[in-house]
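Summary of structural features
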Amino acid sequence: MNHASPSPQPRLLDARVPRYTSYPPANHFSAATGAAAYAGWLAALPPAEPVSLYVHIPFCRRLCHFCACRTQGTATARPIDRYLDHLAMEVALVAQALPGKMPVSQLHLGGGTPTLLTPAQTARLFAILAEGFDLSVAAEIAVELDPTEIDAARLDALVAAGVTRASLGIQDFEPRVQEAIGRPQSLQQTREAADGLRARGIASLNADVLYGLPYQTTASLHRTLDSVLALEPDRLALFGYAHVPWAARRQRLIPTEALPDGPARQRLFEAARRHFLGQGYRQIGIDHFARAHDGLSQAAIAGRLHRNFQGYTTDAAAALISLGASAISKLPQGYAQNAADTAGWQAAVSAGRLPTARGHAFSAEDLARARAIERLLCDFRVDLDAVAGGHAGLRARLAEAADQAVARLGAEVEMTGSVLRLTRASGIYARCAAAAFDAYLAEGAVPYSLAL
Ligand code: SF4
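Model, not experiment: these values are computed from the prediction.

**Brief notes about empty space enclosed by the protein**
Scanning all chains against the criterion turns up one cavity of 30 Å³ or more. Counted as a void, the largest cavity has a volume near 160 Å³. Tyr211, Ile286, Arg431, Ala451 and Leu452 are the residues nearest the centre of the largest cavity, which is lined by 18 residues in total. Elements with a contribution of two residues or more to the lining of the largest cavity: β9 (235–240), α9 (262–278) and α15 (430–435).

And the structure:
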């Protein structure tokens, strides 16, 4: 890759494009694809092939101003007990539709705040999952962890459940930034969480950091990154703060006048990227960094990296089964999303129905475009011949998309033979290049987040 590229083109990066954790993006799912389709897809899975599992826990003690996740506040454990009651019903319904008790390759607990669960609730959650799935072969069990919402008993419960990896939500350690985003969290709390995990043998740690937050400067971000790196995480996620108050109402509490503008966001990203590379991390796709020994680095080197709703993964399972309110499953035939509101999800499973509210059945063209987008976001290059799989019509339409990428992005991309690649090592134009392959983009009036 060319490391001496000219300055970024701000106007291109001001584009609002999907993050492409799915293709098509979830706003293109429709109610026409519902529970009946999903049940058929589940039944068609090969019984011996491992599936990936995701469980959405939509509860938080606090609601941070910046967060656009589907979450709800709770001060007590009772709504979580009720949620687990309904999760048991959903697991039974999904297990009934499946051809057998499926082995699970990876399990991810996300939210919300999964570590809000009491030790007893964590044990119950895993017992519920074990009723419907074979967790004994899972190579990875990961949990999103809020360092302000954990203690020794809950750490012990995670270990007892078999958790192997934890993602520490950090965002920024600067007091002024934390106040503006409504997320107080001390370095001491975070260090104690990391130490507690390692002391119990959970050695694989991720840290999530945000750039583009109010009052963030390159100098302040460097201070945060130094503190984060002192925790010695194996992986880092460096997400750009997506200010979308029309979609996430609590973001109206963010002081917009203090948000960095487009060029400042680029400087923050580039500074953080250099910081991580300088400390021996390898860049993984557009927004992750990993140590050389980490599975993500190995997968990136071997061209086996995949992109899913959690970002990047080494998991090659053909099916992702997701449980809980708003959760999105991905099967070889398409996407199926559960009712987004907890009440609607609970009503469906209580009535003995799969809670699918909407979805999308893949066409052959969707799959080819999805492969092209995934390769661009994982490898910063895509071989159109490999993606088209010998189908001449698809190959021609992918070539048109590549031509559009070249026309829009100029020297930021390069076409050599059948391969389109980004010329800049940082991959900052990856989402813009991917957007050229998105056949749904023109249909959507949805204002996505900024390209960087
Ligand atoms: S950042 Fe985490 S703790 Fe804060 S509202 Fe979002 S999910 Fe909840």
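From this point on, the discussion continues.
**Here's the deal with the pairing of strand β19 (residues 413–416)**
Judged from the four bridges that link them, β19 and strand β20 (residues 419–422) form a sheet pairing that is antiparallel. Following the sheet pairing, methionine 415 is matched in β20 by leucine 420. Connecting the antiparallel pair β19 and β20 is a turn made up of two residues, with glycine 417 showing a positive phi of about 60 degrees.

**Some details on the nonpolar core**
Counting 119 residues, the largest nonpolar core has Leu42, Leu107, Leu125, Phe133, Ile321, Leu323 and Phe437 as its most contacted members. Examining the composition of this core, we find that eight residues originate from one element, helix α3 (residues 78–97), more than from any other. In this view, phenylalanine 133 contacts Leu53, Val91, Val94, Leu98, Lys101, Met102, Val104, Ile321 and Leu323; residues no more than four positions away in its chain are not counted. Within the second largest apolar cluster, nine residues are counted, among which are Cys64, Val177, Ile181 and Ile254.

**What about the pairing of strand β15 (residues 328–331)?**
By the bridge criterion, four bridges tie β15 to strand β16 (residues 334–338) in an arrangement that is antiparallel. Considered in β16, the bridge of isoleucine 328 is made with glutamine 337. Where β15 folds back onto β16 in an antiparallel hairpin, the turn is made up of two residues.

**Brief notes about the pattern of salt bridges**
The final tally for this structure, using the stated rule, is 19 salt bridges. Between arginine 62 and aspartate 146 there is a salt bridge whose closest N-O contact spans 3.1 Å. Highlighted residues: arginine 62 in the loop between β2 (59–60) and β3 (72–73) and aspartate 146 in the loop between β6 (140–145) and α5 (152–161), separated in sequence by 84 residues. We note a salt bridge from arginine 369 to glutamate 365, for which the minimum N-O separation is 2.9 Å. Taken together, the residues arginine 369 and glutamate 365, both in helix α12 (residues 364–379) and four residues apart, mark about one turn of the helix. Salt bridges linked by common partners bring Arg61, Glu149, Asp151 and Arg154 together as one network.

**Quick notes on the site of the ligand**
Every residue lining the ligand is accounted for by Cys60, Arg62, Leu63, Cys64, Phe66, Cys67, Thr71, Gly112, Thr113, Asp146, Arg183 and Arg250. Across the shell around the ligand, the residue classes break down as five nonpolar, three polar and four charged.

**Looking at the side chain of glutamine 106**
Mapped onto the elements of the fold, glutamine 106 is located in strand β4 (residues 102–111). Residue classification places glutamine 106 among the buried residues on the basis of a relative accessible area of 13%. There is a polar contact of 3.4 Å between the side chain of glutamine 106 and the side chain of threonine 314. Other than its neighbours up to four places away in sequence, glutamine 106 contacts Val51, Ser52, Leu53, Glu140, Thr313, Thr314 and Asp315.

**Let's talk about the confidence of the model for the protein**
Chain-level pLDDT for the protein is 94 on average; 97% of the residues reach the 70-or-more range. Within the model, the stretch residues 1–5 combines pLDDT values under 50 with 13 contacts to residues more than four positions away or in other chains.

**Some points on the layout of surface pockets**
A water-sized probe, rolled over the atoms, reveals where empty space remains. Within this model, the second largest pocket holds a volume of roughly 680 Å³. Lining the second largest pocket are 30 residues, and of these His306, Arg307, Ala317, Lys330 and Glu374 lie nearest its centre. Ranked by the residues each element gives to the lining of the second largest pocket, the list is headed by α12, at seven residues. The residue inventory of the lining of the second largest pocket, partitioned by class, reads 18 nonpolar, six polar and six charged.

**Some words on the packing of helix α4 (residues 119–132) against α5**
A pair of packed helices can be characterised by two numbers: the angle between their axes and the separation between those axes. In the contact formed by α4 and α5, the axes pass within 8 Å of each other and the chain directions differ by 15 degrees. Relative to α5, the element α4 lies roughly parallel. Considering the relative orientation of α4 and α5, their crossing is right-handed. Touching Pro119, Thr122 and Phe126 of α4 are Ala153, Arg154, Ala157, Leu158 and Ala161, all from α5. Looking at side-chain class alone, the contact of α4 with α5 contains six nonpolar, one polar and one charged residues.

Rules of the game
Residues numbered from 1 in each chain as written. Predicted model: local features only at pLDDT ≥ 70, side-chain atom pairs only at ≥ 80, totals over all residues. Heavy atoms only, no water. 1 Å grid on protein atoms, 1.4 Å probe; cavity = no way out; pocket = protein on both sides within 12 Å on 5 of 7 lines; lining within 4 Å. Points joined across faces, edges and corners; volume = space filled by probe spheres on them. Helix = DSSP H or I, 4+ residues; strand = E, 2+ residues; numbered from the N terminus. Pairing = 2+ DSSP bridges. Core = buried A, V, L, I, M, F, W, Y, C linked by side-chain atoms within 4.5 Å. Buried < 20%, exposed > 50% of the residue type's maximum accessible area, 1.4 Å probe, protein only. Contact = heavy atoms within 4.5 Å. Salt bridge = Lys/Arg side-chain N within 4 Å of Asp/Glu carboxyl O. Near = heavy atom within 4 Å. Nonpolar A, V, L, I, M, F, W, Y, C, P; charged D, E, K, R; others polar. Polar contact = N/O pair within 3.5 Å; in protein donor to acceptor, adjacent residues only side chain to side chain. pLDDT = per-residue confidence, 0-100. Axes fitted to C-alpha atoms, helices over the stretch in contact; angles between N-to-C directions. Parallel < 35°, antiparallel > 145°, perpendicular 65-115°, else oblique. Left-handed = near helix turned anticlockwise from the far one by under 90°.

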